[in-house]
Amino acid sequence: MKKRTFTSPLGPICLTEEDGFLTDVGFCTTKAEAADESPLLAEAEHQLAEYFLGLRQNFDLPLNPKGTAFQQKVWQALLQIPYGQTASYKEIACKIGNEKAYRAVGLANHNNPIGIIIPCHRVVGANGNLTGYAGGLEKKQKLLELEQRVISNQKA
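Keep in mind that this is a model prediction, so the values were computed, not measured. (Residues numbered from 1 in each chain as written. Predicted model: local features only at pLDDT ≥ 70, side-chain atom pairs only at ≥ 80, totals over all residues. Heavy atoms only, no water.)

Description of the pairing of strand β1 (residues 2-8)
For step 1, the next point in the chain: Note that β1 and strand β2 (residues 11-18) share seven bridges and pair antiparallel. Residue pairing in the sheet places S8 in a bridge with G11 of β2. (Pairing = 2+ DSSP bridges. Helix = DSSP H or I, 4+ residues; strand = E, 2+ residues; numbered from the N terminus.)

Here's the deal with the pattern of salt bridges
For step 1, the next point in the chain: Applying the stated rule across the entire model yields four salt bridges.
For step 2, the next point in the chain: When the shortest N-O distance is used, the salt bridge between K66 and E18 registers 2.9 Å. Of this pair, K66 sits in the loop between α1 (39-52) and α2 (69-78) while E18 sits in strand β2, and the two are 48 residues apart along the sequence.
For step 3, the next point in the chain: E147 is the salt-bridge partner of R122, the closest N and O atoms lying 2.9 Å from each other. Within this pair, whereas R122 is found in the loop between α4 (102-110) and β5 (123-124), its partner E147 is found in helix α5 (residues 137-155), the two being separated by 25 residues in sequence.
For step 4, the next point in the chain: Exposure remark for R122: the relative accessible area of 5% places this residue in the buried category.
For step 5, the next point in the chain: A relative accessible area of 0% places E147 in the buried class. (Salt bridge = Lys/Arg side-chain N within 4 Å of Asp/Glu carboxyl O. Buried < 20%, exposed > 50% of the residue type's maximum accessible area, 1.4 Å probe, protein only.)

The following block contains the structure:
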């Protein structure tokens, strides 16, 4: 297992690699004292930096989030939410074929180990309101605003 922390505009982000796959990406409370040398972690940091600069909308990294079969289905559905758009928990539940599982979708969303890259920040309540985010609602709002700003600039 290799770990690396880098400073993003929203605070430190911790990255973890296992067996050539990215397994964890999330906001952390402190910056690591040392960063493991890893081409994958360096590339993940590079792609995330591009994302925060508005230069990247899609990630191209080998992912291996650890979770149940249900969680895996939810996380795969999250990857289908287009950059700059949102989907409700119920829409995700319908997409995975279980429209009544929206609460379970919320729990799977909460347990997403690869934040930002698997875009759990793009999931909102049925009324469009922001709801829980492991990094905090303020960070969720900033991620959505970043994506909207990039989309608006492309249209201008």
